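Residue-level structure breakdown
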Amino acid sequence: MRTFRYERFGGIVQLERPRALVFVDRDRARALGYRDQERWLQPPPEGELGLLSAPLEAHLQLTNRCSAGCQGCYTGASPDGAPQEYGESDWRRVIDALAAQGVFHLALGGGESALLPWLGDLARYARARGLVPNLTTSGLYSDHELERLIGWAPLFGQINVSLDGIGDGYRQVRGVDGFAQADRAIVRLRKVHKFVGINCVVTRQNFDSLAEIFGYVKKRKLREIELLRFKPSGRGRRVYESLRCTDAQHRSLLPAVLKLARRHRLRVRLDCSYTPMIAHHRVKPELMAWLGVYGCAGGDLLVAAKATGALTACSFAAPTEVRADRIADYWQRPDAFSTFRQWRSSEEPCRSCDYLKLCRGGCRVVSAHTLHDAARPDPECPRVVDFRAQQPVRLHLPLVADASANANANAND
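A few points on the structure. For clarity, every value in this text was computed on a predicted model and none was experimentally measured.

The subject of this paragraph is helix α6 (residues 179-192). Relative to the 20 Å expected for 14 residues at 1.5 Å per residue, α6 spans 21 Å between its end C-alpha atoms, a close match to the ideal helical length. Within α6 the residues assigned to the buried category are Phe 179, Ala 182, Asp 183, Ala 185, Ile 186 and Leu 189. Buried residues along α6 cover an arc of 160 degrees about the axis, so they all sit on one side. Exposed residues pointing more than 90 degrees away from the buried face of α6 are listed as Ala 180 and Lys 191. Where α6 is buried, its residues meet α4 (143-152), β7 (159-162), α5 (168-174), β8 (196-202) and α7 (210-219).

Attention now moves to the layout of surface pockets. Considered as a void within the structure, the second largest pocket measures approximately 560 Å³ in volume. In terms of lining residues, the second largest pocket is bounded by 33 residues, among which Thr 312, Ala 317, Ala 318, Pro 319 and Thr 320 are the most central. Where the lining of the second largest pocket is concerned, the elements lending two or more residues are α13 (338-341) and α15 (364-371). Broken down by class, the residue content of the lining of the second largest pocket amounts to 16 nonpolar, 11 polar and 6 charged. Two domains each donate at least three residues to the lining of the second largest pocket, and these are domain 2 (57-337) and domain 3 (340-409).

The subject of this paragraph is the packing of aromatic side chains. As enumerated under the stated definition, the model contains 10 aromatic pairs in all. Residues Tyr 86 and Trp 91 carry aromatic rings whose centres are separated by 5.3 Å and whose planes lie at 70 degrees to one another, so their mutual orientation is edge-to-face. Like Trp 91, Tyr 86 is buried. Ring centres 4.9 Å apart and planes at 90 degrees place the aromatic pair Tyr 330 and Phe 337 in the edge-to-face group. By relative accessible area, Tyr 330 is classed as buried at 6%. Relative accessible area serves as the criterion here: at 4%, Phe 337 is assigned to the buried category.

Quick look at the sheet that holds β8 now. Read across the open sheet, the 9 strands follow the order β10-β9-β8-β7-β6-β5-β4-β11-β12; overall the sheet is mixed. The open sheet has two edge strands with one neighbour each: β10 (267-270) and β12 (311-312). Where strand β9 (residues 224-229) meets β10, 4 bridges bridge the pair, whose relative direction is parallel. By the bridge assignment, Glu 226 is partnered in β10 with Arg 269. In the packing of helix α3 (residues 119-128) onto the sheet, the strands contacted are β5 (105-109) and β6 (132-137), and the crossing angle to β6 comes to about 150 degrees. Most of the contacts of α7 go to β9, to which it runs at about 150 degrees, and overall it touches β8, β9 and β10.

Conventions and cut-offs
Residues numbered from 1 in each chain as written. Predicted model: local features only at pLDDT ≥ 70, side-chain atom pairs only at ≥ 80, totals over all residues. Heavy atoms only, no water. Helix = DSSP H or I, 4+ residues; strand = E, 2+ residues; numbered from the N terminus. Expected span 1.5 Å × (residues − 1). Buried < 20%, exposed > 50% of the residue type's maximum accessible area, 1.4 Å probe, protein only. Arc of directions from axis to C-beta. Contact = heavy atoms within 4.5 Å. 1 Å grid on protein atoms, 1.4 Å probe; cavity = no way out; pocket = protein on both sides within 12 Å on 5 of 7 lines; lining within 4 Å. Points joined across faces, edges and corners; volume = space filled by probe spheres on them. Nonpolar A, V, L, I, M, F, W, Y, C, P; charged D, E, K, R; others polar. Domains from an automatic or database assignment. Phe/Tyr/Trp six-rings, centres within 6.5 Å; stacked < 30°, edge-to-face > 60°. Pairing = 2+ DSSP bridges. Axes fitted to C-alpha atoms, helices over the stretch in contact; angles between N-to-C directions.

Okay, here's the thing in C-alpha cells:
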C-alpha cells in the first residue's frame, strides 16, 4: 500500500513495506500511474528541490506535563504543564490541518504524552486522517499508565523510549534515577510491538558508553537507535556547557557509530544537527544526499508545535505567533520560519564549504544560544572550530590606548 503527494519536481511516495518516503521525478510518477495536475504546469526546479508543498512530518508536543524533573529537559516540563495547553479537540483540529496539507508523519511527545488519557484516541484519529503517528516516551510513569500505553501500542508506527545511559549512566545524564523504569517500559512495549527503539541524547558523560548502549539495544531486540545532539533548550540551557559533547567527541562520532552499527547490525538514525560532524569526514555530498542527510530541516522538511499549539520550525526553536492549525496560511508566506529558511552564509568557513547546501550552517538553536545570532555558523562544527583557531588574535587597541591614557592622567594628578 502506498500514498502519494504531488510536488513541483514530481511527487513523494509513502511506502509501508519497506517503510520509506521516496522522492520521484515526474516521469517516474507517471509510470506509477499519477497523472499531470496543476502543480506540474510549472517547469520542474533545476538542481535543488525548492520548498515543498508541506512538511514531511510534524512534531507535536502534546503536553508539557512531566514529573521526572530531568536536568536537561528540552521543554522545561513540570508536573503542572504549560499554561493554556491544547486539549484533545484542539489537537484534532491541528491534525485536520496537517492532513489537508499532505503531511505524512506525526511525532508525538511531551512532556510525557503517555499521561494523557486521550492519547490513544488521538493516535487513532490521526490514522483515520491518513497520518502515521509515532511516539516518544520516557517510560517514567505508573504501572497503570504503562498498561494503558501497551493497549495503544499497535496504533503507533514507531515507539521510541528515551534512554540516555545504562544503569547509573542514565542518572549521570538526566540527573534522575530512572533507568529501571525506562527499561521496564522497553521490555513490556517490545513484547507487543515490533517497532520499538530508543532515543539517546549524546553527551560528554555518556559518549564513552555508546558501546554499552548499542549492546543494550541489541540485547532487547529493538529496531533502531536514534542519536540526538544535546541542545540548549528548556532546562538544557542551564546545563549546556557541562553536558554538551567535546570537540574531540564530535569528530569521532561518525566512525564510532558506524563501527557499532556494523558490529550489532542495528539501524541508526542521526539527528539532523549532526550534519557538520558527518561532513567533517568528507563523506561525498552525493552520498549524503542519497542517504537523506540535509542538515537543519526545521521549517522545511519538518515543523513542530508547542503544548500551547504555537507553530515553530523545530521542537527546540522559539515559537512563532501562528497556531499550528493555521499552517496552510503560514507555510507559503515569504517570512515564514525566517530564521531557518532565510539563512544565508556570508561568513567563512561556511561560505566556501562544499557541504553548505546540505549542511545549511549546522544547528540554528546552538548558534542562537552560543553566539546570540542564529545566522552565524554552528560553533561546534569541526571545520568552524579549526577555522577560528587559525585566525589571528585581534587586540582591541583603542581600549588599551584609553586605559594607558587614563593611567598616565592619574599618574600626573
